Amino acid sequence: HFNSLLDELKSELSDDHRLSFLLHSILGLLAMNDKKQIPSSVTAAIRFMTSHFQEDLHVDDIAAASALNPQYFSRLFKKHTGQPPHQYLLSLRMKRAKSLLIESALSVNEIANECGFTSSTHFIRSFKAENGITPHIFRKYFEPGGFRS
């Protein structure tokens, strides 16, 4: 993200929306790297979700990867991350989706599939609920002409 930010700053056509997004992403990553004592089962779950978020995952699957009972795992995960596992998984999917919307020409349906959503309808609803705008409008913010064209 830092290199992308530097590249965007060097560009003659740097875009304020993209700069804001990249800076927000960097700050989010720095905040997540807080050196709290996180149990190894929670870090294992985060690693598992990060490498398998494109798949059809359920809390039971993530808990099994952490070798914990699903109910106990959910409480432990929320205690140490501040959000339930399914919300954390959704956040991973949304970050990837935003990146693909900005940096690729993939269709919304292709992005939904790439990010682990069961359908493009589910993706669009989740995206709008999380961001207040549709993926199409989000993408327009990062086009060179933005909403002017």
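Rules behind the numbers
- Residues numbered from 1 in each chain as written.
- Predicted model: local features only at pLDDT ≥ 70, side-chain atom pairs only at ≥ 80, totals over all residues.
- Heavy atoms only, no water.
- Helix = DSSP H or I, 4+ residues; strand = E, 2+ residues; numbered from the N terminus.
- Buried < 20%, exposed > 50% of the residue type's maximum accessible area, 1.4 Å probe, protein only.
- Core = buried A, V, L, I, M, F, W, Y, C linked by side-chain atoms within 4.5 Å.
- Contact = heavy atoms within 4.5 Å.
- pLDDT = per-residue confidence, 0-100.
- Axes fitted to C-alpha atoms, helices over the stretch in contact; angles between N-to-C directions.
- Parallel < 35°, antiparallel > 145°, perpendicular 65-115°, else oblique.
- Phe/Tyr/Trp six-rings, centres within 6.5 Å; stacked < 30°, edge-to-face > 60°.
- Salt bridge = Lys/Arg side-chain N within 4 Å of Asp/Glu carboxyl O.

Bringing the overall build of the chain into the picture now. If you tally the helices and strands in the chain, you get nine helices and zero strands. For the chain, the α and β elements follow one another from N to C terminus as α-α-α-α-α-α-α-α-α. If one aligns the C-alpha atoms of the chain with their principal axes, the spans along those axes are about 55 × 35 × 20 Å. The buried share of the chain, taken over its 149 residues, is 34%.

Counting 18 residues, the largest nonpolar core has L101, I111, C115, F117, F123, F127 and F138 as the members making the most contacts within it. At the level of elements, α2 (16-32), α6 (85-103), α7 (108-114) and α8 (120-131) are the ones that each hand at least two residues to this core. Considering each element in turn, this core owes the most residues, five residues, to α6. Excluding anything up to four places from it in sequence, C115 contacts F53, Q54, R93, R96, A97 and L100. In this structure, I46, A63, F77 and L92 belong to the second largest nonpolar core, which totals 14 residues.

A separate point is the confidence of the model for the chain. Taken residue by residue, the chain gives an average pLDDT of 88. The fraction at 70 or more is 92%. For the chain, per-element mean pLDDT is lowest for helix α1 (residues 2-10), which scores 76, and highest for α7, which scores 97.

Moving on: the packing of α6 against α8. One can describe the packing of α6 onto α8 by two numbers: an axis separation of 11 Å at closest approach and a directional angle of 95 degrees. Taken together, the axes of α6 and α8 lie roughly perpendicular to each other. On the side of α6, the interface is formed by Q87, L90, S91, M94, A97, K98 and L101, while α8 contributes F123, S126, F127, E130 and N131.

For F123, the location among the structural elements is in helix α8. Judged by its relative accessible area of 0%, F123 falls in the buried class. Leaving out residues up to four positions away in the same chain, F123 has contacts with M94, A97, L101, V108, I111, A112, F117 and P135.

Let us look at the packing of aromatic side chains. What characterises a pair of aromatic rings is the spacing of the ring centres plus the angle enclosed by the ring planes. In the structure shown here, the tally under the stated rule is eight aromatic pairs. With centroids separated by 6.4 Å and ring planes inclined at 80 degrees, the aromatic side chains of F21 and F138 adopt a geometry described as edge-to-face. Pair noted here: F21 is in helix α2 and F138 is in helix α9 (residues 135-141), with a separation of 117 residues, a long-range link. The same class applies to F21 and to F138, which are both buried. The interplanar angle of 50 degrees and the centroid separation of 5.0 Å between the aromatic rings of F138 and F142 together place this pair among those described as tilted. For F138, a relative accessible area of 8% puts it in the buried group. The exposure class of F142 is buried, given its relative accessible area of 15%. Members of the aromatic cluster, joined through ring pairs, are F21, F117, F123, F127, F138 and F142.

Let's shift gears to the pattern of salt bridges. Per the stated rule, a full pass over the model turns up two salt bridges. A salt bridge links R96 to E114; the nearest nitrogen and oxygen atoms lie 3.6 Å apart. Here R96, found in helix α6, pairs with E114, found in helix α7; they are 18 residues apart in sequence, far enough to count as distant. When its relative accessible area of 31% is taken as the criterion, R96 is described as partly exposed. Salt-bridge contacts for E143 lead to K140; the nearest nitrogen and oxygen are separated by 3.6 Å. Accessibility expressed as a relative area gives 18% for K140, which makes it buried.

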